[in-house]
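Examination of the molecular architecture
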Amino acid sequence: MPDWLANVVGPDATFWLAYLTNGAHQAFYASFGYTLAAAVFGGMFAILFGLGGAALRRSRFLPVRAVGAGYALIVRGVPDVLFLLFFPLAFEQAVEWVIAQGVCTPENAGTGAWPPCPDANIFFSTGGYLAIACVALGIVYGAFASSAIHGALDSVPKGQVDAARAFGMSERQIFWRIRIRQMWIFALPGLSNVWMLLVKATSLLSLLNIPDIVNWAGRLGAPNYFPRAGLVHPDWRWKYYLALVVFYLVLTWASERFFRWLKRKAGHGLIADDAVAA
Amino acid sequence: MKRLLFAAATLSMAAFTGSASAQQTVRIATEGAYAPYNFINEAGQPAGFEIDLGNEICLRAELACEFVITAWDSMIPNLLAGNYDLIMAGMSITEERLQTIDFTDDYYPPDPAVFVIRTGTAFDFDALAGVRLGAQTATIQAGYLQDTLATGNTVVLFDTFEGAVNDLLAGNLDIVMIDGGFVAPIIEATGGALVLAGPEVTLGGGVGAGVRKEDTELRDTFTRIIAEMKADGSLNALIAEWFDDPMLF
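In short, a report on the structure. Being a predicted model, the structure only gives us computed values, none of them experimental.

Attention shifts here to the overall build of chain A. Summing up its helical and strand segments, chain A has 11 helices and 0 strands in all. Each helix and strand of chain A, ordered N terminal to C terminal, gives the series α-α-α-α-α-α-α-α-α-α-α. Taken over the C-alpha atoms alone, chain A extends approximately 80 × 65 × 30 Å along its principal axes. Considering only residue pairs separated by 6 or more positions, chain A has 70% of its internal contacts joining residues 24 or more positions apart. Carbon together with sulfur atoms contributes 67% to the accessible area of chain A, which is approximately 14,800 Å² in total. One finds the centroid of the 21 positive side-chain charges in chain A at a distance of 12 Å from the centroid of its 15 negative side-chain charges.

Listed below in structure tokens is the structure:
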């Protein structure tokens, strides 16, 4: 910190500013990036899985419809914590199994129960786990999104579809140009709820050993008794967790404002505002 | 088809894992929450006795090493799964752990475990009954409490040793059992709220680096250099540098 600033704010504030900007705190601030990345990419995957799930549920073939309905039913019924623990492990072992088919022979078999041989072992870096976490979040919240999208596709006014048919559009064209295009407006309220849930679920990243904000808040807030490890202080975790509470409140408040704006914008000129509100 | 699947999987994996190419780097797991053995310093980096020691051993062995911060309670399963190659996390060598993993020679001598109580309380350590005892989960102290004092008392285990100390300070526990090696700074930092009591109990065969049983080469390399550092006095120097009340070889 420059001397002039230190002189202005006084020794106490200087001390706390230095403490709150040391390397460990900078790493804490940087870890907000994991949370935001998980929210954004998890949200993208949720839209993709939601569209896929809705498409399955609208299929002409019963087995395909059943898969779509089953996806929504099963994933929606499983707590997100459990799924976030289950999916990465299952995915990792599945990939290891596939690799093992190619590289493992009875000669190089490992001593442990898993993986079948050391060469088949894969190691996920933090980035890898983050990517898997995004997919897992996408699968969980895609199930919710698929219900919102499925319902929204049916909400597109019948007159619009009839008009398109009268213009000579094929079923495919009607689906992409009329239904999908207008579906978003009806899906937005549902999707904004899904986004809120997803944002809150990003607090679970530390379960996958990702050094996210919850992990760092716990570390920095834990009492320190050892002067060489930094400032000696009692249990401060509640202060750090409070900062996270504020962060999530601000994030969800901003999201709500954004979705309100988006709803107004998207519905503009297409259908009456009261139709969107209903 | 199988081959194609395999190739696709390998390709997609290579994008975001450090599988085969990272094998040359020895990955060392540590907790980062067990000062002075290992902790996260103010710069946000792993630091402490074991980090200095690990780096010195790797330097002498001409190995590229990297410390990985990981949770204590899943440390051994993750070693077996191959997520890292070594554990240096204040882990004592015990018969129980030797059934699943192997250890190098000890780099910190067996450290007597101690009991900590609140100032003003008193217990008859020869006949403990109806008290609440705490320790960090999956530690030698936890094992000792469960084996010898669980009947007639309540044993509560915590993810970190700080959790146990916190609950002792808050009055939720009567006695906490921890490593003698770092009890002094805790007692000092709590400003007289806690005191040592009862007997010292020597548990385990010292602190060593944990390795998978099949990694005999890595184990032998570390053991050789630890012996070398014991002989030339550099290990004792490192211990004296990091511990207030050091146990020397």
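Another point: the packing of aromatic side chains. Residues and elements named next belong to chain B. Across all of its chains, the model carries 30 aromatic pairs over all chains by this definition. Each ring, one from Tyr 108 and one from Phe 243, has its centre 4.5 Å from the other, and the planes form 35°; the classification is tilted. Here the residue Tyr 108 occupies a position in the loop between β7 (102-103) and β8 (112-118), and Phe 243 occupies one in the segment after α9 (234-242), the gap between them amounting to 135 residues. Residue classification places Tyr 108 among the buried residues on the basis of a relative accessible area of 0%. Ring-pair connections join several aromatic residues into one group, and the members of that group are Tyr 34, Tyr 37, Phe 49, Tyr 107, Tyr 108, Phe 161 and Phe 243.

Turning our attention to the state of the cysteines. Simply put, the disulfide is a covalent bond whose two ends are the sulfur atoms of two cysteines. Residues and elements named next belong to chain B. Counted according to the given criterion, the structure contains 1 disulfide over all chains. For Cys 58, the disulfide goes to Cys 65, at an S-S distance of 1.8 Å. On the sign convention where negative is left-handed, the bridge of Cys 58 and Cys 65, at about -80° about the S-S bond, is left-handed. On the basis of relative accessibility, which here comes to 22%, the residue Cys 65 falls in the partly exposed class.

Residue and element names in this part refer to chain B. The omega angle of the peptide bond from Ala 35 to Pro 36 is 0°, so this bond is cis rather than trans. Within the secondary structure layout, Pro 36 lies in the loop between β2 (33-34) and β3 (38-40). Despite not being glycine, Glu 62 shows a phi value in the positive range, around 55°. If you trace the backbone, Glu 62 turns up in the loop between α2 (49-61) and β5 (65-69).

Reading the values: the criteria
Residues numbered from 1 in each chain as written. Chains lettered and ligands numbered in written order. Predicted model: local features only at pLDDT ≥ 70, side-chain atom pairs only at ≥ 80, totals over all residues. Heavy atoms only, no water. Helix = DSSP H or I, 4+ residues; strand = E, 2+ residues; numbered from the N terminus. Contact = heavy atoms within 4.5 Å. Areas by Shrake-Rupley, 256 points an atom, 1.4 Å probe, with all protein chains shown as cover. Lys, Arg positive; Asp, Glu negative; His and termini not counted. Charge placed at Lys NZ, Arg CZ, Asp CG, Glu CD. Phe/Tyr/Trp six-rings, centres within 6.5 Å; stacked < 30°, edge-to-face > 60°. Buried < 20%, exposed > 50% of the residue type's maximum accessible area, 1.4 Å probe, protein only. Disulfide = S-S within 2.5 Å.

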